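Descriptive analysis of the structure
Spelled out, the chains give:
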Amino acid sequence: QVQLVESGGGLVQAGGSLRLSCAASGRTFTTFAMGWFRQAPEKARELVASLGWSDGSTYYPNAVKGRFTISKDSAKNTVYLQMNSLKPEDTATYYCAVAPSGTKRFDYWGQGTQVTVSS
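Residues numbered from 1 in each chain as written. Predicted model: local features only at pLDDT ≥ 70, side-chain atom pairs only at ≥ 80, totals over all residues. Heavy atoms only, no water.

**Comments concerning the overall build of the chain**
- A count of helices and strands for the chain gives 0 helices and 11 strands.
- Ordered by position in the sequence, the α and β elements of the chain form the string β-β-β-β-β-β-β-β-β-β-β.
- Against the globule reference of 14 Å for 119 residues, the chain gives a C-alpha radius of gyration of 14 Å, in line with a compact fold.
- When the backbone C-alpha atoms are referred to their principal axes, the chain occupies close to 40 × 25 × 25 Å.
- A buried classification covers 42% of the 119 residues belonging to the chain.
- Contacts in the chain between residues far apart in sequence, at least 24 positions, make up 53% of those at least 6 positions apart.
- Put simply, the chain shows about 6300 Å² of open surface, and 47% of that area lies on carbon and sulfur atoms. (Helix = DSSP H or I, 4+ residues; strand = E, 2+ residues; numbered from the N terminus. Rg over C-alpha atoms; globule rule 2.2 N^0.38 Å. Buried < 20%, exposed > 50% of the residue type's maximum accessible area, 1.4 Å probe, protein only. Contact = heavy atoms within 4.5 Å. Areas by Shrake-Rupley, 256 points an atom, 1.4 Å probe, with all protein chains shown as cover.)

**A look at the layout of surface pockets**
- The volume enclosed by the largest pocket comes to roughly 210 Å³.
- Ala-24, Arg-27, Phe-29, Thr-31 and Asn-77 are, among the 13 residues lining the largest pocket, the residues nearest its centre.
- Every element with two or more residues in the lining of the largest pocket is listed here: strand 1 (2-7), strand 3 (18-26) and strand 4 (31-39).
- Take the lining of the largest pocket: its biggest share by element is 3 residues, from strand 3.
- Here the lining of the largest pocket is built from residues that sort into 7 nonpolar, 5 polar and 1 charged. (1 Å grid on protein atoms, 1.4 Å probe; cavity = no way out; pocket = protein on both sides within 12 Å on 5 of 7 lines; lining within 4 Å. Points joined across faces, edges and corners; volume = space filled by probe spheres on them. Nonpolar A, V, L, I, M, F, W, Y, C, P; charged D, E, K, R; others polar.)

Nothing here speaks to function; it is all geometry.
This is the structure:
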């Protein structure tokens, strides 16, 4: 089994910053990618950042491009999401997920961490 534990969420004022962390443990496999998703109440879950584990390629949707940065510490099996210039619309529960090389799908998910941005 794979465990993903997120941390770093909280309450921040608009314009502020937060750094989320996601530590992976448990069953070992070759990682294809890791990603950060978010889901706000009554909205669909959306991808906000992904990172190719071997080539370091990144993807950000326009809504967060230039404000969010995904990075990793391979030695610690940890992925980070630096969020700057936060906006009230960034308020959501943030989840990290891992895609094994075998499936290339985000098969494993963390429990989520709440981010609230006040105006």
